[in-house]
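Geometric and topological summary
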Amino acid sequence: MRDNGGMSTPPSTPNPATAPDPAPAPAPSDLTIGPYAVRPPVVLAPMAGITNAPFRTLCREFSGGKGLFVSEMITTRALVERNEKTMQLIHFDASETPRSIQLYGVDPVTVGKAVRMIVEEDLADHIDLNFGCPVPKVTRKGGGSALPYKRNLLRSILREAVAGAGDLPVTIKMRKGIDDDHLTYLDAGRIAVEEGVSAVALHGRTTAQHYGGTADWDAIARLKEHVPEIPVLGNGDIWSADDALRMVRETGCDGVVVGRGCLGRPWLFADLVASFEGRDDFLRPTLREVADVMVRHATLLGEWIGDEARGVIDFRKHVAWYLKGFAVGSEMRKRLAITSSLETLRAGLDELDLDQPWPTGADGPRGRTSGNNRVALPDGWLKDPYECAGVGEDAELDTSGG
Ligand SMILES: Cc1cc2nc3c(=O)[nH]c(=O)nc-3n(C[C@H](O)[C@H](O)[C@H](O)COP(=O)(O)O)c2cc1C
């Protein structure tokens, strides 16, 4: 699977006896989040519907356990109400450490309750708060990435979260702001420092940009200068291990958060670790190796859900990402994307020309890439950056994302 030879899945860390001599490592950037050292400083971005326990397991296996892997987002209200689906999402594999959970909430009291519940019931070791959702249904109510515009509300949420978290580190993940005329990230970073947040992650886009255009890495550099007291994690448009190193070099950020680059590419984590450790023996799987990872992913999903068919159905959304760049006809792609058993998935994959090597040019954008210029906000939202009567709890949607 590596450039310099084959490798079967499930993956393992390279054999030190055969690994090439390490090149000089890039500038060390030690990342600590509360008591946790994250080495190398690579973080799997929370992605709703994607970064569940099975996907985190795959990425972790490829990284040799290195890095930090954040859960799917969970809304604070659903958590305190012990919503059944939400309780299933807070599932960590026994080997996951630290257990990293992302929460999204708009009400300081509910956020505080949710955080205390996590501590009292020992549900996680690290709490990340999501302030990046650009979905109009959410921002229209003042939630998601619209929320940091209201500095006092943001401060209250962070204060409650940090107070409730006790020894658990609290981090935040945000966008640059609502649009270029209403940037919030520097103020939000400062508020985070003042309220005792352990690290901030910045997705270098505004709400208005959604996932379109390119992420503004200069903003990450500016945030790093603005809040030297805490680690700054850069996020946006890391599609390869080289991109990750480049982001660290160009912005001075303390670590990277990688989202869409891992869709259909959980082995990117092996490359990320390699590059931060000064190696360039990147994985270039053949279609046969990709097919094995696909079946394993679908199997893990079935085991996690407790139902093979539902696992394979949940896996359908990943099929096109895994096959991107390989010569697979559209009929077969469609067939693979409607399978509902491991047997038919495997049988379909076995019909492919599995000896195909890794296709050149298969890296690059996957998943959401569209832009959006209109931001839906509550009436009068932009009039006062401080005062806010509160945000309706209906701004908490469990599908909101970031
Ligand atoms: C399918 C999908 C779901 C997402 N869900 C979340 C989420 O639940 N919480 C969050 O903070 N960001 C979420 N995001 C945003 C990513 O974490 C990340 O900030 C964004 O994709 C930009 O990084 P990238 O260019 O590495 O993908 C989501 C993104 C995608 C594509």
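Our structure is the block above this text.
Described in the following lines is the structure provided in the data block. Residues take numbers from 1 onward in each chain, read along the sequence in its written order. Under the rules for a predicted model, residues below a pLDDT of 70 receive no local features and side-chain atom pairs below 80 are neither given nor counted, while totals for whole chains, interfaces and linings still include all residues. Remark: hydrogens and water are excluded; side-chain values derive from all non-hydrogen atoms of the structure.

**A closer look at the pairing of strand E7 (residues 170–177)**
For clarity, the threshold we go by: Each residue gets one of three labels from its accessible area relative to the maximum for its type: buried under 20%, exposed over 50%, partly exposed in between, using a 1.4 Å probe on protein chains only. Secondary structure elements follow DSSP: runs of H or I of four or more residues count as helices, runs of E of two or more count as strands, with numbering from the N terminus. In this scheme, strands are said to pair when DSSP sees at least two bridges between them. When the strands point away from the viewer and the connection leading from the first strand across the helix to the second strand turns clockwise, the crossover is called right-handed.
Counting buried positions along E7 yields eight of eight residues, so the element is predominantly enclosed. Bridging between strand E6 (residues 126–131) and E7 involves five bridges; their strand directions are parallel. Residue pairing for E7: Phe131 is matched across the bridge by Met174. Across six bridges, E7 lies against strand E8 (residues 199–206) in parallel orientation. Each residue of the ladder has a partner; that of Arg175, found in E8, is His203. For the handedness criterion, the β-α-β arrangement of E7, helix H7 (residues 185–194) and E8 is classed as right-handed.

**Observations concerning the sheet that holds strand E3 (residues 42–44)**
Worth spelling out the cut-off: Angles here are taken between N-to-C directions and fall from 0 to 180 degrees, while the axes themselves are lines fitted to C-alpha atoms, restricted in helices to the stretch in contact. For this analysis, residues touch if any pair of their heavy atoms sits within 4.5 Å.
Pairing in this closed barrel of eight strands is parallel, and the strands run E3-E4-E5-E6-E7-E8-E9-E10 around the ring. Each strand of the sheet is rotated relative to its neighbour by a mean of 30 degrees, with strand direction disregarded. Against the sheet, helix H6 (residues 151–165) engages E6 and E7, with an angle of about 170 degrees to E6. Those strands touched by H7 are E7 and E8, and its axis lies near 165 degrees from that of E7.

**With respect to the site of the ligand**
Put simply, the test is: Nearness here has a simple test: a residue counts as near a molecule or strand if at least one of its heavy atoms is within 4 Å of that partner. Residues adjacent in sequence count toward polar contacts only when both atoms are side-chain atoms; beyond that, a polar contact is any pair of N or O atoms within 3.5 Å, and within protein one must be able to donate a hydrogen and the other to accept it. All accessible-area figures derive from a Shrake-Rupley calculation using a 1.4 Å probe, and residue coverage is judged against the displayed protein chains alone. Any residue outside Ala, Val, Leu, Ile, Met, Phe, Trp, Tyr, Cys, Pro, Asp, Glu, Lys and Arg is labelled polar, Gly included; the first ten of those are nonpolar and the last four are charged.
Near the ligand lie 19 residues; those nearest to it are Gln102, Lys173, Asn235, Asp237 and Arg260. Interatomic distance of 2.8 Å between a side-chain N/O atom of Lys173 and an oxygen atom of the ligand. Separating an oxygen atom of the ligand from a backbone N or O atom of Asp237 is a distance of 2.7 Å. When isolated, the ligand has an accessible area of 610 Å², and the protein chains bury 98% of it. When the residues that make up the shell around the ligand are grouped by side-chain class, the tally is seven nonpolar, eight polar and four charged.

**Points about empty space enclosed by the protein**
So the rule is basically this: Site definitions follow a grid-based scheme: protein atoms alone, a 1 Å grid, a 1.4 Å probe that fits but cannot get out for cavities, and for pockets an open set with protein on both sides within 12 Å along at least five of seven lines, plus lining residues having an atom within 4 Å of a point. Grid points are joined across faces, edges and corners, and a volume is the space filled by probe spheres set on the points.
Applying the stated criterion to the full structure yields two cavities of 30 Å³ or more. One number sums up the size of the largest cavity: a volume of about 90 Å³. When its residues are assigned to classes, the lining of the largest cavity shows eleven nonpolar, two polar and two charged.

**Regarding the pattern of salt bridges**
To be explicit about the condition: The term salt bridge refers to a side-chain nitrogen of Lys or Arg lying within 4 Å of a carboxyl oxygen of Asp or Glu.
Within the structure shown, the criterion is met by 30 salt bridges. As a salt-bridge pair, Arg205 and Asp237 come within 2.8 Å of each other at their nearest N and O atoms. Within this pair, whereas Arg205 is found in strand E8, its partner Asp237 is found in the loop between strand E9 (232–235) and helix H9 (241–251), the two being separated by 32 residues in sequence. The pair Arg205 / Asp237 is uniform in exposure class, with both members buried. Across the pair Arg346 and Asp350 runs a salt bridge whose closest N-O atoms are separated by 3.2 Å. With a gap of four residues between them, Arg346 and Asp350 both fall in helix H14 (residues 342–350), about one helical turn apart. Among the charged side chains, a salt-bridge network with shared partners connects Arg56, Arg60, Asp93 and Glu96.

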